[in-house]
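# Fold and geometry: a report
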Amino acid sequence: MEKMIPRAEHPRPDFVRKNWVNLNGEWQFAYDDANKGLVEKWYHPDFALDQKILVPFCYQCELSGINDSTYHPILWYRRTFKRPQYTPGNKILLRFGAVDFACNVFVNGQCVGTHKGGYTPFAFDITPYLENGQNDLCLRVEDAHDCTQPRGKQLWKDNWFGCWYTPTSGIWQTVYLEEAGSVYVHAAHITPDIDNGTAALRITLNEIPARPVHVKVTVTMDGTFVREQTMLMAQRSQRMVLDMVDGAALHQVVCWTPRSPKLYDVQIETDTGDAVGTYFGMRKVHVADGRVLLNNKPMYQRLVLDQGYWPESLITPPSDSAIKADIEWTLKLGYNGARKHQKLEDPRYYYWADKFGLLVWEELPSAYEYTSEAVANTSETLTGGIERDFNHPAVITWVPVNESWGMDRLYANKQMQASANM
């Protein structure tokens, strides 16, 4: 009997391709405290790691099957997967929701890429590295007690102190494969304008196209057709403006509000074989006369401070139903929003917030030492979070600094003040 895959649902409802394969489940795993794995070529497909771990849960938590809270700065992961039988000429992308903190990724013994940043997603085109049949996937991960890393509420000492929690190291969000076109959509960001009744869709391709790419965009709501529009993309990033006014309706623009969280679904198709589904809400957030306004009306915010930690799985939600229940209880208890404290949350949290109409402040996890490296790390994390979560109407505020954590001289230091306003 095949084992159930943990967190089997699609990890990014706001960026979906039809053909995808979830790589969560049991992986080989090992500590590399002596930092000898690279020298001994642990990335070679024939090297067996000595433990098992249940991805996407970190080794420090119960659900991983290891539940070891001691410090191990270097980790290795390994599993095999069968090459999907996708359309010839299309790409096979390997995607990681989040890996804390820095990693090297190997496919069949070859390094396909590196990434740094514990809260942001990344992907590699692994098509040239794949073989027919079974393939080997291996990761080397570094997560030091380093205060230039955006850590949030993660402990960075061997002893407990204050109100900080067990750290999370390594893979902590879903790993998956997906089929993309020969030239494919890298990002699709939608900016609504309720005052003018439009939505600006910026599509960014993975590369500069050798020929103009024909793009078709179809907009629906609750399964009902709304708009269809096409354009030719002769450059890598290009904008399309969608007219969202329904002249036959009494309220000609359907807005997203907490009481009526109406979402538009968007399907983007290219003549290079790519198709991506996303969504957005028509809503406006701005500040006037010292008040926050939603869709040009004053909005009173009753926010819970939500730290997003789970006793059995730390910063990884144990299941999608647990995320959904968390948001439902937030609303039942009388709150209309949440400040996600010191954490870029699992993307499905924002999805359910969009669906249920929960307002969200998305907060950057703090680094606790102010250096040029810390500024670079936090800037990259903030940029990655905004790029990933741009389309979520529930996200109404981006919080780059919390209570001057990691910027203890903020009141006097001009450089820190400039960083806080990034």
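Heads up: these notes are all about the structure in this document. (Residues numbered from 1 in each chain as written. Predicted model: local features only at pLDDT ≥ 70, side-chain atom pairs only at ≥ 80, totals over all residues. Heavy atoms only, no water.)

## What to know about the overall build of the protein
Of regular secondary structure, the protein possesses four helices and 26 strands. A compact globule built from 422 residues should have a C-alpha radius of gyration of about 22 Å, and the protein, at 22 Å, falls within 12% of that. Judged by the C-alpha coordinates and their principal axes, the protein covers about 70 × 55 × 45 Å. The proportion of buried residues among the 422 residues of the protein is 53%. Taking contacts inside the protein between residues at least 6 apart in sequence as the whole, the part at least 24 apart equals 68%. Of note, the protein has its 42 positive side-chain charges centred 4 Å away from the centre of its 50 negative side-chain charges. (Helix = DSSP H or I, 4+ residues; strand = E, 2+ residues; numbered from the N terminus. Rg over C-alpha atoms; globule rule 2.2 N^0.38 Å. Buried < 20%, exposed > 50% of the residue type's maximum accessible area, 1.4 Å probe, protein only. Contact = heavy atoms within 4.5 Å. Lys, Arg positive; Asp, Glu negative; His and termini not counted. Charge placed at Lys NZ, Arg CZ, Asp CG, Glu CD.)

## Observations concerning the pattern of salt bridges
Side chains that differ in charge, positive against negative, can pair when their charged atoms come close. Within this structure, the stated rule accounts for 20 salt bridges. Residue Glu178 is joined to Arg17 by a salt bridge in which the shortest nitrogen-to-oxygen separation is 2.7 Å. Of the two residues, Glu178 sits in strand β12 (residues 175-180) while Arg17 sits in the segment before β1 (20-22), which places them 161 residues apart along the sequence. Each of the salt bridges in this network shares a partner with another, and the network as a whole consists of Arg17, Arg95, Glu178 and Asp274. (Salt bridge = Lys/Arg side-chain N within 4 Å of Asp/Glu carboxyl O.)

## Some details on the pairing of strand β14 (residues 198-205)
Regular strands place side chains that alternate from one sheet face to the opposite one. Burial within β14 is extensive, with six of its eight residues counted as buried. Counted between consecutive antiparallel strands, the loop separating strand β13 (residues 185-193) from β14 contains four residues, among which Gly197 sits at a positive phi close to 70 degrees. Across seven bridges, the pairing between β14 and strand β17 (residues 237-243) is antiparallel. By the bridge assignment, Ala199 is partnered in β17 with Leu242. (Pairing = 2+ DSSP bridges.)

## Quick word on the sheet that holds strand β22 (residues 297-298)
Pairing within the open sheet is antiparallel, and its three strands lie in the order β20-β21-β22. Of all the strands in the sheet, just β20 (285-288) and β22 have a single pairing partner and so form its edges. Where strand β21 (residues 291-294) lies against β22, two bridges are found, and the strand directions are antiparallel. Within β22, the residue paired with Leu293 across the bridge is Pro298.

## A closer look at the packing of helix α1 (residues 320-332) against helix α2 (residues 347-356)
In helix packing, the relevant descriptors are the interaxial angle and the interaxial distance, both defined with respect to the helix axes. Two elements in contact, α1 and α2, have axes separated by 9 Å at closest approach and are oriented at 45 degrees. Taken together, the axes of α1 and α2 lie oblique to each other. The handedness of the crossing between α1 and α2 comes out as right-handed. Contacts between α1 and α2 pair Asp320, Ile323, Lys324, Asp326, Ile327, Glu328 and Leu331 from the former with Arg348, Tyr349, Trp352, Ala353 and Phe356 from the latter. Here the contact of α1 with α2 is composed, by residue class, of seven nonpolar, no polar and five charged. (Axes fitted to C-alpha atoms, helices over the stretch in contact; angles between N-to-C directions. Parallel < 35°, antiparallel > 145°, perpendicular 65-115°, else oblique. Left-handed = near helix turned anticlockwise from the far one by under 90°. Nonpolar A, V, L, I, M, F, W, Y, C, P; charged D, E, K, R; others polar.)

## Points about the packing of aromatic side chains
Here a ring pair, both rings aromatic, is described through the centre-centre distance and the interplanar angle of the planes. Tallying each qualifying case throughout the model produces 26 aromatic pairs. Centroid distance Trp156 to Phe161: 5.0 Å. Interplanar angle 75 degrees. Geometry classified as edge-to-face. Owing to a relative accessible area of 16%, Trp156 belongs among the buried residues under this scheme. When the centroid spacing of 5.5 Å and the interplanar angle of 20 degrees are considered together, the rings of Phe161 and Trp164 count as stacked. Here a set of aromatic residues connected by ring pairs shows up, and it is made of Trp27, Phe29, Tyr31, Tyr59 and Tyr77. We note Lys153 situated over the ring of Tyr165; from NZ or CZ to the ring centre the distance is 4.8 Å. The cationic tip of Lys332 hangs over the ring face of Trp329; the distance from NZ or CZ to the ring centre is 4.7 Å. (Phe/Tyr/Trp six-rings, centres within 6.5 Å; stacked < 30°, edge-to-face > 60°. Lys NZ or Arg CZ within 6 Å of the ring centre and 35° of its normal.)

## Here's the deal with the sheet that holds strand β9 (residues 122-125)
Strand order across the open sheet formed by four strands is β1-β12-β5-β9, with antiparallel pairing between neighbours. Sheet topology places β1 and β9 at the edges, where each strand pairs with a single neighbour. Geometrically, the sheet is characterised by an average inter-axis angle of 20 degrees between neighbouring strands, direction not taken into account. Taken together, the three bridges between β1 and β12 define a ladder with antiparallel strand orientation. Looking at β12, one finds that Val21 is bridged to Leu177.

## Here we look at the pairing of strand β26 (residues 395-399)
Alignment of strand β25 (residues 359-363) against β26, held across four bridges, turns out to be parallel. Of the residues in β26, the one forming a bridge with Glu362 is Trp398. Once the chain exits β25 it traverses helix α3 (residues 372-389) before rejoining the sheet at β26, and the crossover so formed is right-handed. (Right-handed = clockwise from strand over helix to strand, strands pointing away.)

## A closer look at unusual backbone geometry
Negative phi values dominate among residues other than glycine, just as trans dominates among peptide bonds. With an omega of 20 degrees, the peptide bond running from Val55 to Pro56 counts as cis. Inspection of the secondary structure assignment puts Pro56 in the loop between β3 (51-55) and β4 (74-82). The peptide bond linking Asp100 to Phe101 adopts the cis configuration, its omega dihedral lying at 15 degrees. One can find Phe101 in the loop between β6 (99-100) and β7 (102-107). Of note, Asn35 is a non-glycine position whose phi angle comes to about 55 degrees, a positive value. Phi at Gln342 is positive, roughly 60 degrees, even though this residue is not glycine. Note on placement: Gln342 falls in the loop between β24 (337-340) and α2.

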